[in-house]
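Inside the fold
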Amino acid sequence: MQSYLLKTLVSIFLIALLVSCSSKNNPEPSQQLQQTQQKPQITLTNFAQNIQDPQYLAIDALGNVYVTAYYYSDVYKVTPHGSLSVFAGNDHHNNLNGTGTAASFNAPEGIVIDKSGNFFVVDSGNGHVRKITPNGTVSVFAAPSFPGFYGPTGIAIGPDGNLYLADTQNNLIRKITSDGSISTFVGSYGSYGLINGNGTSAVLWQPTALAFDASGNLYFSDSGNNVIRKVTPDGNVTTFAGTGALGHKDGAALSATFQGVGGIAFDSSGNMYITDSGNGLIRKISIDDTVSTIADGFNSPQGIAIDASGAIYFVDENNNMVRKVVIQ
């Protein structure tokens, strides 16, 4: 009897010891959640300041950052050392072609640079896409008749070399070929909502920021629906991230919530970084479609871009500056 009791006590002790070790190696779900929600170590700097109402940005091969400024209708250039100058525009809302400060825009928004160093700027107030050559010569590149561009915002260059434009108030994404020909890529003119489908059978609601991944898929902020949507190269539209509800919930992409995605960019590993304007955040959607928060405390962040080293630049609109984030 004593031998049996001794064996029983030893067994209970061993089981308790194993459970204790297991709990240390496998934290409770709440502990695991806290670990996954920890933000990475970053270095945050103010890269360029005193830019009135900045919107979008693009980075050239030399590391210069070009920023559109809505209030004064200028395009600024910021060198890698932070020196700020006007690249094109003259502080007047107008529609004049010319070189550098002889040209004028009306509320410029999206900006992108092609392989030859030409810039394409969404001249939102004029309803045009303008082209700026490397030496600063500005001309009208695309100006449709009907339907005209209505409040266009974001722009991106596809792997096919064509431009893709968020025709925001028309609830369309338009395709612009190298000769300036314009067609509707996805979206149904005259309709708004959230209907997935192919090409013009899909329904969008105020698309804004655009970016392509390495496989040629287009992602865009569908701001009226408060989601991020994906378009395959053949024009098939699906919902990629967001429930449509306003909020700040990390986790699986289709369960996450946002409050206005202002910009989208990809790093060299295929991770997506976004500005969550209403929440004042920089967020990441990793290649396994998990949403996390990288940095916070900003005032309506908008356009975002990533340089060759992986540094993140973004517009902090209501603080009138461009910020730089380096993830450790």
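Residues numbered from 1 in each chain as written. Predicted model: local features only at pLDDT ≥ 70, side-chain atom pairs only at ≥ 80, totals over all residues. Heavy atoms only, no water.

Topic: the environment of F141
Heads up, the rule is: Secondary structure elements are taken from DSSP: a helix is a run of H or I of four residues or more, a strand is a run of E of two residues or more, and numbering for both begins at the N terminus. Contacts were defined at the residue level, with two residues in contact if any of their heavy atoms lie within 4.5 Å.
Relative to the helices and strands, F141 resides in strand 10 (residues 137-142). Setting aside chain neighbours within four positions, we find F141 in contact with F120, V129, R130, K131, L163, I176, T177, S178 and G180.

Regarding the sheet that holds strand 16 (residues 207-212)
Worth spelling out the cut-off: Strands were regarded as paired on the criterion that DSSP finds at least two bridges between them.
As summarised here, the arrangement of the five strands in space is 15-19-18-17-16, forming an open sheet in which the pairing is antiparallel. Sheet topology places strand 15 (197-198) and strand 16 at the edges, where each strand pairs with a single neighbour. Pairing geometry for strand 16 and strand 17 (residues 218-222), over four bridges, is antiparallel. Among the inter-strand pairings, A211 is bridged to a residue of strand 17, identified as Y219.

Some details on the packing of aromatic side chains
How we decide: Think of it this way: a Phe, Tyr or Trp ring, Trp meaning its six-membered ring, pairs with another when their centres are within 6.5 Å, and the plane angle makes it stacked under 30 degrees, edge-to-face over 60, tilted otherwise. Throughout, exposure labels follow a simple rule: accessible area from a 1.4 Å probe, protein chains only, divided by the maximum for the residue type, with under 20% read as buried, over 50% as exposed, and the rest as partly exposed.
Within this structure, the stated rule accounts for 13 aromatic pairs. Judged by centre distance (5.2 Å) and plane angle (70°), the ring pair of Y66 and F87 falls under edge-to-face. Separated by 21 residues along the polypeptide, Y66 in strand 3 (residues 65-69) and F87 in strand 5 (residues 84-88) bring together distant segments of the chain. Of the two residues, Y66 and F87, neither departs from the other in class, the shared state being buried. The interplanar angle of 45° and the centroid separation of 5.1 Å between the aromatic rings of Y192 and W205 together place this pair among those described as tilted. Here W205 lies in the loop between strand 15 and strand 16 and Y192 lies in the loop between strand 14 (182-186) and strand 15, a separation of 13 residues in the sequence.

Describing the environment of G247
For G247, the location among the structural elements is in the loop between strand 19 (236-241) and strand 20 (251-252). Among the residues examined, G247 registers a relative accessible area of 16% and is labelled buried. When the C-alpha positions of G247 and N226 are compared, they lie 9.8 Å apart, and in sequence the two are 21 residues distant. Not counting residues up to four positions away in its chain, the partners in contact with G247 are T257, F258, Q259, D276, N279 and R283.

Some points on the sheet that holds strand 3
Counted only if it meets this: Only C-alpha atoms enter the line fits that serve as axes; for helices the fit covers just the stretch in contact. Angles between N-to-C directions range over 0 to 180 degrees.
Reading across from one edge, 2-3-4-5 is the order of the four strands in this open sheet, with antiparallel pairing throughout. Lying at the two open borders of the sheet, with one neighbouring strand each, are strand 2 (54-59) and strand 5. The mean angle between the axes of side-by-side strands here comes to 30°, regardless of whether they run parallel or antiparallel. One ladder, built from four bridges, connects strand 2 with strand 3; its direction is antiparallel. Paired with L57 across the two strands is V67, which belongs to strand 3.

Some thoughts on the environment of A142
For A142, the position within the fold is in strand 10. Between the C-alpha atoms of A142 and I176, which are 34 residues apart in sequence, the distance is 7.6 Å. If we ignore the near neighbours within four places in the chain, the residues touching A142 are H128, V129, F149, I176, G180 and I182.

Overview of the confidence of the model for the protein chain
Threshold: Values of pLDDT, which run from 0 to 100, indicate the predictor's confidence residue by residue.
Across the protein chain, the average pLDDT comes to 90, with 89% of residues at 70 or higher. Within the model, the stretch residues 1-36 combines pLDDT values under 50 with two contacts to residues more than four positions away or in other chains.

Things to note about the nonpolar core
Proteins that are soluble and globular tend to have nonpolar side chains buried together. Cut-off, in case you're wondering: As used in this record, nonpolar core signifies buried Ala, Val, Leu, Ile, Met, Phe, Trp, Tyr and Cys residues forming a set joined through side-chain atoms within 4.5 Å.
If you look at the biggest cluster of nonpolar residues, it comprises 16 residues, and the most contacted ones within it are I228, F258, I264, M272 and I285. Among the elements that make up this core, the one with the highest residue count is strand 21 (residues 261-266) (three residues). Of all hydrophobic cores here, the second largest spans 15 residues; its members include I59, V78, A311 and Y313.

A word on the pairing of strand 27 (residues 321-327)
For strand 1 (residues 42-49) and strand 27, the ladder comprises seven bridges, and the chain directions are antiparallel. Bridge pairing links T45 to K324 in strand 27. Relative to strand 27, strand 26 (residues 312-316) runs antiparallel, the two being bridged by five bridges. In the strand pairing of strand 27, Y313 is matched with K324.

Describing unusual backbone geometry
Of note, the amide linkage connecting F146 to P147 takes the cis form, showing an omega dihedral of -10°. Here P147 shows up in the loop between strand 10 and strand 11 (155-157). Of note, the phi angle at D53 is positive, near 55°, even though the residue is not glycine. Its place among the elements puts D53 in the loop between strand 1 and strand 2. Phi angles above zero are rare outside glycine, and N226 is one such case at about 60°. Tracing the chain through its elements places N226 in the loop between strand 17 and strand 18 (227-231).

What about the side chain of N64?
With respect to the helices and strands, the residue N64 is situated in the loop between strand 2 and strand 3. Once you skip the residues sitting within four places of it in the chain, N64 turns out to touch A58, I59, K77, V78, T79 and P80.

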